[in-house]
Amino acid sequence: MATHSDHIPKDLVLEILAKLPVKSLKRFSCVHKSWLNLLENSNFKSMYYENLKSKTTHSSSLLLWRYFHDERSDGDVYEYDVHLLSGERYENIVTLVLPSLFEDNGFYKVLDCVNGIICHYEEEGLDVKIGLWNPKTDQRKIIPPGITDDEPGFDRQISIHGFGYDNVNDDYKVIQCVYYIHGHTFVEEPVLTIWQIYSLKSNCWKKLDLEMTKKEDIYNASVAYLNGVCHWWGSEYATNGLEEEQVLVSFNLSTETFQTTSIVWLQKNDDIPIRSLVVLNKSVTLISSFAKNNCIEISILGEIGVKESWVKLFTLEPFSSEFSPMRMGHKCDLIFIGNHNSELASFDVITRKSM
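Since we're looking at a predicted model, the values are computed, not measured. (Residues numbered from 1 in each chain as written. Predicted model: local features only at pLDDT ≥ 70, side-chain atom pairs only at ≥ 80, totals over all residues. Heavy atoms only, no water.)

A. Seen up close, the overall build of the chain. Each helix and strand counted, the chain has 3 helices and 23 strands in total. The buried share of the chain, reckoned over its 355 residues, is 47%. Partitioning the intrachain contacts of the chain with sequence separation of at least 6 by distance along the chain shows that 45% fall at a separation of at least 24. For the chain, the exposed area adds up to about 19000 Å²; of that, 49% sits on carbon and sulfur atoms. (Helix = DSSP H or I, 4+ residues; strand = E, 2+ residues; numbered from the N terminus. Buried < 20%, exposed > 50% of the residue type's maximum accessible area, 1.4 Å probe, protein only. Contact = heavy atoms within 4.5 Å. Areas by Shrake-Rupley, 256 points an atom, 1.4 Å probe, with all protein chains shown as cover.)

And the structure:
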């Protein structure tokens, strides 16, 4: 017969729970009343944050890109910078020059970087070229054009939505949306939308029989890749057909199916946030920068398709809007580049200190 209580000590329980991912924490919240709002408990929060920081993937380098207005020039001139950062405080910065995809240099954009391979593209009129580049080996690949037809009376637009590795089929894939609109305006909805996916293994495109929500502006870091799934966020009409609702779209590269997760509840009053989609501790994470409220919120998704599984991990306020959040670093820190200059800054979200 046991002479001591069969209950596990509370401190040990909290230590175990602090090592769990957000998805498990949300599921276990119904086991005990005291587990319902664990992340509001200051002691538990400290333990959870320390474990989060220790589990954050460390790497010798970090790729960072930004789209910005060049104030040194006259008129509306925009530039794109791509930097490779390394060092304890990211003090070593190397600017990368991406391979040109057109004979006459077009305006290039970076979509994402997966397993050291950068997916970038250039636009020249209605033409879009997509390239894959490994800076370490200097291997390059220009992807053949997708399946596009001109529709009389309509303008064709191409939007690159995702790039990632299909670990089931050992293949790299790119997702794009081809849509047709009246004139050069994005106000009205497209009259025709065609989704396509490219396979590096077969070196060809195919059409997808899907209707998905298009992503928001790529310049605000609206895409992310994690474990065979491409994620992007965009707006769609709610079920009442009157209001727009922001959603996260998650596309599985192996099954070629998708799920959506509402993020409308993350909206703060009437403040329109600048959002960055990143990966933190192997979870999809949304960074929302609110200019009116002068704060930044970092929310992590526990389970795709379950809007209640969003957990707000950090609220940073007051926080100047002079810097836009760009990426999560390797030490649970935010990496910023100034909106109006090339100043680089990082901020430890746990200690609340600049690095």
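B. Quick peek at the nonpolar core. Grouped together as the largest cluster of nonpolar side chains are 36 residues, with contacts concentrated most on Ile130, Ile160, Phe163, Val174, Ile175, Trp232 and Phe251. The leading source of residues in this core is strand β9 (residues 171-181), at 8 residues. Val278, Met328, Cys332 and Leu334 belong to the second-largest nonpolar core, a separate cluster that totals 26 residues. (Core = buried A, V, L, I, M, F, W, Y, C linked by side-chain atoms within 4.5 Å.)

C. Summary view of the sheet that holds strand β19 (residues 310-316). The strand order β16-β17-β18-β19 describes an open sheet built from 4 strands, whose pairing is antiparallel. Edge positions in the open sheet fall to β16 (274-280) and β19, since each of these has one partner strand only. Each strand of the sheet is rotated relative to its neighbour by a mean of 25°, with strand direction disregarded. (Pairing = 2+ DSSP bridges. Axes fitted to C-alpha atoms, helices over the stretch in contact; angles between N-to-C directions.)

D. Summary view of the pattern of salt bridges. Throughout the structure, instances matching the rule amount to 5 salt bridges. For Lys312, the salt bridge is made with Glu297, and the minimal N-O distance between the two is 3.6 Å. One end of the pair, Lys312, is in strand β19; the other, Glu297, is in strand β18 (residues 295-301), and 15 residues separate them in sequence. Linked by salt bridges that have partners in common, Asp166, Lys173, Lys206 and Glu256 make up one network. (Salt bridge = Lys/Arg side-chain N within 4 Å of Asp/Glu carboxyl O.)

E. Examining the pairing of strand β10 (residues 192-199) more closely. Most of β10 sits inside the fold, with 6 of its 8 residues counted as buried. Two strands pair when backbone bridges link them, and β9 and β10 are joined in this way by 8 bridges, in the antiparallel orientation. The residue bridging Cys177 from the neighbouring strand is Trp195, located in β10. Where β10 lies against strand β11 (residues 204-208), 5 bridges are found, and the strand directions are antiparallel. Considered in β11, the bridge of Tyr198 is made with Trp205. Between β10 and β11, which pair antiparallel in sequence order, lie 4 residues; one of them, Asn203, sits at a positive phi of approximately 55°.

Honestly, that's just the spatial picture; any functional story needs more than this.
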